[in-house]
2 protein chains.
Amino acid sequence: MLKIGFVPYNEFTRIRDANIEEFDKLRIVSAFCRLNTLSAVKKAGSGHLGSSFSALDIVVFLYFNEMNTLDLGIENPDRDIYFSSKGHECPGMYSVLFSAGIISYEKLLKLRRLGGLDGHPDIKIPGIEANSGSLGMGISKAKGMGLAKMLRGNEGRVIVMTGDGELQEGQIWESLQTTVHQKINNLHVIVDFNKIQTDKAVSEIIDLRDLERKFEVFGWHVERCDGHDFTKLSQVFKDFKGVTDRPKVLIADTVKGKGVSFMEGPTSLKSNGGLYQWHSGAPDDEAYEAGIRELVESANAELKRCGLDSLTLEEVETREKRRPKLKDSAEKVVTAYGEALVKLGEKREELIVLDADLSADCGLRPFENRFPERFVENGIAEQDMVSMAGGLALHGFLPVVNSFGVFLASRANEQIYANASEETKIIYVCHYSGLIPAGPGKSHQSLRDISLFGALPNCVILEPCNAEETRNVIEWCINEAKESCMVRLVISPSPRTILLPEGHTFKPGEGAVLTSGRDAVLFAYGPVMLHEALLASEILEERNISLKVVNMPWLNRLKSDWIENSVGECELIMTLDNHAPIGGFGDMMTSVVLGSEKLRNRKFRKLAVNGYPACGTPQEALKAHGIDGESLAHIVLKEVGSR
Amino acid sequence: MLKIGFVPYNEFTRIRDANIEEFDKLRIVSAFCRLNTLSAVKKAGSGHLGSSFSALDIVVFLYFNEMNTLDLGIENPDRDIYFSSKGHECPGMYSVLFSAGIISYEKLLKLRRLGGLDGHPDIKIPGIEANSGSLGMGISKAKGMGLAKMLRGNEGRVIVMTGDGELQEGQIWESLQTTVHQKINNLHVIVDFNKIQTDKAVSEIIDLRDLERKFEVFGWHVERCDGHDFTKLSQVFKDFKGVTDRPKVLIADTVKGKGVSFMEGPTSLKSNGGLYQWHSGAPDDEAYEAGIRELVESANAELKRCGLDSLTLEEVETREKRRPKLKDSAEKVVTAYGEALVKLGEKREELIVLDADLSADCGLRPFENRFPERFVENGIAEQDMVSMAGGLALHGFLPVVNSFGVFLASRANEQIYANASEETKIIYVCHYSGLIPAGPGKSHQSLRDISLFGALPNCVILEPCNAEETRNVIEWCINEAKESCMVRLVISPSPRTILLPEGHTFKPGEGAVLTSGRDAVLFAYGPVMLHEALLASEILEERNISLKVVNMPWLNRLKSDWIENSVGECELIMTLDNHAPIGGFGDMMTSVVLGSEKLRNRKFRKLAVNGYPACGTPQEALKAHGIDGESLAHIVLKEVGSR
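What you see is a predicted model, and the numbers here were worked out from it, not measured in a lab.

Draft legend 1. Structural view of the overall build of chain A. Looking only at helices and strands, one finds 26 helices and 18 strands in chain A. Against the 2.2 N^0.38 benchmark of 26 Å for 643 residues, chain A shows a C-alpha radius of gyration of 26 Å, consistent with a compact globule. Seen through its C-alpha atoms, chain A measures out along the principal axes to roughly 80 × 55 × 50 Å. Counting across all 643 residues of chain A, residues that qualify as buried make up 68%. Taking contacts inside chain A between residues at least 6 apart in sequence as the whole, the part at least 24 apart equals 77%.

Okay, here's the thing in structure tokens:
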């Protein structure tokens, strides 16, 4: 059995009250926070350990030694403000806020669960000062806070932490220029310089070169020190107090995964052929146990050195080891996509693939390894990547541009428009589209991408439902499409393999009827929503209501006559969007239905993800939005019953 | 009478064939090109003179002395490629392409006209290598071209010009980092360092500090010289040839408005209280004549010095002087907006206004002058501006964020989403929304902004039709709205002042019926489209067809019952969007109509700006898209006739 244990709050108060050196306390609190971070991520099943550990000593130092925030209270206008721009190291941040008595134990145990702690920071959580998780925005936001303090005459500093890979984002450099010019001198930046991005060294992805000189030439006061050494951190912040004529930056040399030997950057890179393994995702049972063992040992060694009793973890969960994981066997459309790209790359020499530091997540590694010269790793610089694709397309290449949908469609939107206005052909692949996985939270869940591409006059938007259709979609985009294409891909393993009818052929504007039905028809797309739709159909079958489920991979090119035929005699027409209710597939269908004399007097219901996406397990999130199979079945029952 | 004259092509061939020093030829060609630039802009009625003149000597030098492009031909894959990232100095660029025989005389005379030369570069024009006009994308795009050359083994350099204010855009710094890392060493950047942005000094807006050291620390080979000195330019490009291990940048010190004394940067700043007058817009008749006189004199002096005959301009247009201008008397909603902001600023101390170097265009100067401490000039850094507003909003301020819609809604889209997810209240004002003015071209015409805000769960979108409604809208947004708001504002003078019915009150979700009618109803918004709608109504009245015109300023919050009532007995319902057909007001109305038992069986027609926006005069553009008053009347006639 696997036991998941946490350091309870009274252990932290024990240390706080102990009569030992201040920095010894910090060292012990850090060790305890690492333990809670590791257990919270293990319990959640996902989360970012590497940078939680690299940043953690700094966060502990700030809250317990440097900032006035805990003394004044987290609502006091004169408080020091700290937040992280990258945000993904929030499991570590939450552990620190728990240790300070700001976040409850109950919440700490609910990382990435509905009603718990979001996978990226959210201001609804006590002690969190800004929503983050989309990279590059932090200094700008901190600048607003700093100006607010200046205008109101409030005390307190604004301290914002950035990643190192994050410095590839252009907004960072915008904000470095404006902060100095605007003299927002209460602003402090700390770079968590752990030297590793998603799974490769920063110097390998896009080297940052001489960071100290860069900040200096942008007009900042620069200090650099070991980000795990409290004495040195303390000295830097002492020095900062003497600099009042410009904003300040600390380049903190840190170790990604610090504290668990095999998770530490250099070790992990070496043991895994240059790929870092612990950026995101929970460790397996063995790694978890080994990590806990090591952290407990070092905590106890520190306690012993200070003459304090050993630590006892509080076990909160016991589970069978190595439970079979869905992802081991389930289909993944992104894998099919990656394989299709390689096959197409063999035939089409002009195919070129661009990535923004998400190669593995986007299924690009096979292409990257097979055609290194036609794979462009552009780092976390989506705007630059998209415009570069535009230049390649103007000169006869066919670029396939990849990132998570929430970043690609949104951050590079004007660049996508500028490219489209040149009427070249570019394929944009919006990975991690839709609500699921719902653990990372709203900075990562992409529910607006269809709307963000929708008004381009020359772009076809598609989302495939299974591996076969993924191949069809990619082949069509690359070999057949005349205009640019946007392909949405779900990143999770498919909850079931969607079966297309035998003999089904992939045709523009047409989908596939998956289940027959007379009472209602539900149009959906992609493996996540079609699974829920099929579940609803199965539930309803038991009640003698027949729901027809239609897969429609063409999200903005619909053949009206095909839609009319597939609706057939159903009096209730529904659409189910893995997207916001505005600007998605449902709106396209609304136009088709209103334009059809046959359909416009049927009942029409547009279902979608309303509001901001919930954070939680897939089931929790789907249910929270009322679009899980059971909720869908209830909606149909109610509508059909009230006919 | 005002005479507009051009230097005809044979004058350029005369110089080319003359037996004089090479750089003397360039000097004369430059002078001729300045003349043609000034006349083209005067004839067009708008265009960017200041930076056309600052960049012009460099462009002349490149095409006639440095690049192989004219020798190899503009389609040859081994050619040197030149384009401008800022793009707005294209009147100068077009003049150079005309002098090289690439652009026809006929086209040169049709700057900013339908079927002529777009207000910003477009690749459909011969010799133009990339669409530009949205700042900051050029180096990225050039990087794609450079990589394409490398992968194909083609000769030739890629040379891209940027502005200086443009260096405030983050994408520039993304691309500076990636170009070096990716070793795109055939890439050359020239900074047209004329030291003035829209109307203020770069050092006043957001100072760039030590540019040479900045580029150096980013890993570029840097040279700096006088950008009007052909000998020095020649030396720099000779030096560049010896540098093969990294990309190269030339910081060219130039003078904005160079060649016409009173348009030159330092002179204009001094004579106009620190505000530069010649960034965009055509000179008035006196300034035009003075400019031409000066340019002809200096051209002739140069010709004489070289022993050549004087220049004769070819007159192409004679017009009465000082024709009354629409904008002198017409209402401007943006002026009403600026005045309303000041009034609200007096009452609400938390109101804070942010700008991205478009203060005058966005009507912000009154607020800027009245409340300098609550006016944030953020330079051309929209993403940073939006996130900064987020920080201010988190700390109790009410930020009003301004830029042109095409930049704000699109480039800062992810930042807007991140702010919105914090559920603070921020007012985004998308200026220059819609098709008109159609002279600047598709990089500036904002036809997607409603779609780009539409899927945010908590944002109200409005567009007022006249000064009174503008005040209502801004007051409602600031004093009443619970959520964030996006306000679209037309930038041109209103073609007529839209009259609201007497006693009309401004209510959420409700509009105003402007003309009664039984045969058809047309819902529209904003002064531009309502004018066309009213024109259509007037035309139809003569044919005894009554068209009801309804003003609907609420673009995504529609009261269904109000819509039903205002449709009344009309059997034809139409919507007219100053926006793309997808994701605009028409789509919102589609849902309302389908959801209404009363309305869903009426005829419904969604009219909008289809395809990419046409460049031309307002009338040309409206007609090209079939949405001018006359075209609208024809549509109604056809639809009503076929009932």
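Still more to cover.
Draft legend 2. Examining the packing of aromatic side chains more closely. Taken as a whole, this structure holds 43 aromatic pairs over all chains when the rule is applied. Between Tyr612(A) and Tyr417(B), the ring centres sit 5.9 Å apart and the planes meet at 50 degrees, which makes this aromatic pair tilted. One end of the pair, Tyr612(A), is in the loop between strand 18 (603-607) and helix 25 (618-624); the other, Tyr417(B), is in helix 19 (residues 413-421), on a second chain. Of the two residues, Tyr612(A) and Tyr417(B), both sit in the buried class. Measuring from ring centre to ring centre gives 4.9 Å for Phe367(B) and Phe371(B), while their planes differ by 50 degrees; the resulting arrangement is tilted. The exposure classification of Phe367(B) matches that of Phe371(B), with both residues buried. Through successive ring pairs, a cluster of aromatic residues spans Phe6(A), Tyr9(A), Phe12(A), Phe32(A), Phe98(A) and Tyr105(A). For Arg374(A), the ring lying beneath its charged end belongs to Phe371(A), and the centroid distance is 4.5 Å.

Draft legend 3. View of unusual backbone geometry. Residues and elements named next belong to chain A. In this structure, Pro437 follows Ile436 across a cis peptide bond, with omega equal to 5 degrees. Relative to the assigned elements, Pro437 resides in the loop between strand 11 (427-431) and helix 20 (449-454). Of note, Arg112 is a non-glycine position whose phi angle comes to about 60 degrees, a positive value. Within the secondary structure layout, Arg112 lies in the loop between helix 6 (105-108) and helix 7 (138-152). Positive phi, close to 65 degrees, is recorded for Asp357, a residue that is not glycine. Checked against the element boundaries, Asp357 lands in the loop between strand 8 (351-355) and helix 16 (365-370).

Draft legend 4. Representation of the interface of chain B and chain A in the model. Residue-level contacts link 103 residues of chain B with 103 residues of chain A. Here chain B and chain A share an interface that buries about 8800 Å² over both sides, 57% of which is from carbon and sulfur atoms. Our count for the chain B to chain A interface comes out at eight salt bridges. In this structure, Asp384(B) engages Lys143(A) in a salt bridge whose closest nitrogen and oxygen atoms are separated by 2.6 Å. At the junction of chain B and chain A, the tally comes to 63 residue pairs in polar contact (both at pLDDT 80 or more). Residue composition of the side of chain B that touches chain A, by class: 41 nonpolar, 34 polar and 28 charged.

Draft legend 5. Focus on the relation of the copies chain B and chain A. Relative to chain A, chain B is turned by 180 degrees and slid 0.0 Å along the rotation axis, the superposed coordinates differing by an RMSD of 0.0 Å. Accordingly, the operation relating the two chain copies is best matched by a two-fold axis. It is Gly170(B) whose C-alpha, among those of chain B, lies nearest the rotation axis, at 1.9 Å. Most of the interface of chain B is mirrored in chain A: 100% of its interface residues are interface residues there too.

Draft legend 6. Representation of the packing of helix 1 (residues 9-17) of chain B against helix 2 (residues 22-44) of chain B. All names here are of chain B. Relative to each other, helix 1 and helix 2 sit at 170 degrees, their axes nearing to 9 Å. On the basis of the axis angle, helix 1 is roughly antiparallel to helix 2. Contacts between helix 1 and helix 2 involve Glu11, Phe12, Ile15 and Arg16 from the former and Lys25, Ile28, Val29, Phe32, Cys33 and Asn36 from the latter. Residues belonging to the contact of helix 1 with helix 2 are distributed by class as follows: six nonpolar, one polar and three charged.

Draft legend 7. Highlighting helix 5 (residues 90-99) of chain A. All names here are of chain A. Here helix 5 lies mainly inside the structure; 10 of its 10 residues are buried. For helix 5, the full list of buried residues reads Cys90, Pro91, Gly92, Met93, Tyr94, Ser95, Val96, Leu97, Phe98 and Ser99. Here the buried face of helix 5 lies against helix 1 (9-17), helix 2 (22-44), helix 3 (49-66), strand 2 (81-84) and helix 6. Phi turns positive, to about 80 degrees, at Gly101, one or two residues after helix 5.

Draft legend 8. Seen up close, the pairing of strand 12 (residues 459-462) of chain B. Residue and element names in this part refer to chain B. The alternating pattern of strand 12 places Cys459 and Ile461 on one face and Val460 and Leu462 on the opposite face, and all of these are buried. Bridge count between strand 12 and strand 13 (residues 484-488): four bridges; the pairing is parallel. Note that in strand 13 the partner of Val460 across the bridge is Cys485. For the segment spanning strand 12, helix 21 (residues 467-480) and strand 13, crossover handedness is right-handed.

Draft legend 9. View of the sheet that holds strand 16 (residues 547-551) of chain A. Residue and element names in this part refer to chain A. Taken in spatial order, the five strands make up an open sheet running 14-16-15-17-18, and their pairing is mixed. Whereas interior strands pair on both sides, the edge strands pair on one side only; in this sheet they are strand 14 (512-515) and strand 18. For this sheet, the mean inter-axis angle between neighbouring strands, taken without regard to orientation, is 25 degrees. Relative to strand 17 (residues 572-576), strand 15 (residues 520-524) is paired through four bridges, and the arrangement is parallel. For Phe523, the partnering residue across the bridge sits in strand 17 and is Thr575. Its contacts with the sheet put helix 23 (residues 560-567) on strand 14, strand 15, strand 16 and strand 17, and the angle it makes with strand 15 is roughly 135 degrees. Against the sheet, helix 24 (residues 585-594) touches strand 15, strand 17 and strand 18, its axis set at about 165 degrees to strand 18.

Draft legend 10. Spatial organisation of the pattern of salt bridges. Residues and elements named next belong to chain A. The tally for this structure, following the rule as stated, stands at 88 salt bridges over all chains. Between Glu620 and Arg113 there is a salt bridge whose closest N-O contact spans 2.7 Å. Taken together, the residues Glu620 in helix 25 and Arg113 in the loop between helix 6 and helix 7 connect sequence positions 507 residues apart. On the basis of relative accessibility, which here comes to 34%, the residue Arg113 falls in the partly exposed class. The partner of Arg605 in a salt bridge is Glu639, and the shortest N-O contact between them spans 2.6 Å. With Arg605 in strand 18 and Glu639 in helix 26 (residues 629-641), this residue pair connects regions lying 34 residues apart in the sequence. Of the residues examined, Arg605 reaches a relative accessible area of 29% and is grouped as partly exposed. Residue class for Glu639 comes out buried when judged on its relative accessible area of 15%.

Draft legend 11. Looking closely at helix 13 (residues 285-305) of chain B. Residue and element names in this part refer to chain B. With 21 residues, helix 13 extends 30 Å between its outermost C-alpha atoms, agreeing within 8% with the 30 Å of an ideal straight helix rising 1.5 Å per residue. Every buried residue belonging to helix 13 is among Asp285, Ala287, Tyr288, Gly291, Ile292, Leu295, Val296, Ala299, Asn300, Glu302 and Leu303, and all of these are buried. Buried-residue contacts for helix 13 involve strand 1 (2-6), helix 1, helix 2 and helix 3 (49-66). Downstream of helix 13 by a residue or two, Gly307 has a phi angle that is positive, lying close to 75 degrees.

Reading guide: rules and limits
- Residues numbered from 1 in each chain as written.
- Chains lettered and ligands numbered in written order.
- Predicted model: local features only at pLDDT ≥ 70, side-chain atom pairs only at ≥ 80, totals over all residues.
- Heavy atoms only, no water.
- Helix = DSSP H or I, 4+ residues; strand = E, 2+ residues; numbered from the N terminus.
- Rg over C-alpha atoms; globule rule 2.2 N^0.38 Å.
- Buried < 20%, exposed > 50% of the residue type's maximum accessible area, 1.4 Å probe, protein only.
- Contact = heavy atoms within 4.5 Å.
- Phe/Tyr/Trp six-rings, centres within 6.5 Å; stacked < 30°, edge-to-face > 60°.
- Lys NZ or Arg CZ within 6 Å of the ring centre and 35° of its normal.
- Buried area = accessible area lost by both parts, 1.4 Å probe.
- Salt bridge = Lys/Arg side-chain N within 4 Å of Asp/Glu carboxyl O.
- Polar contact = N/O pair within 3.5 Å; in protein donor to acceptor, adjacent residues only side chain to side chain.
- Nonpolar A, V, L, I, M, F, W, Y, C, P; charged D, E, K, R; others polar.
- Least-squares fit on C-alpha atoms with pLDDT ≥ 70 in both.
- Axes fitted to C-alpha atoms, helices over the stretch in contact; angles between N-to-C directions.
- Parallel < 35°, antiparallel > 145°, perpendicular 65-115°, else oblique.
- Pairing = 2+ DSSP bridges.
- Right-handed = clockwise from strand over helix to strand, strands pointing away.
- Expected span 1.5 Å × (residues − 1).

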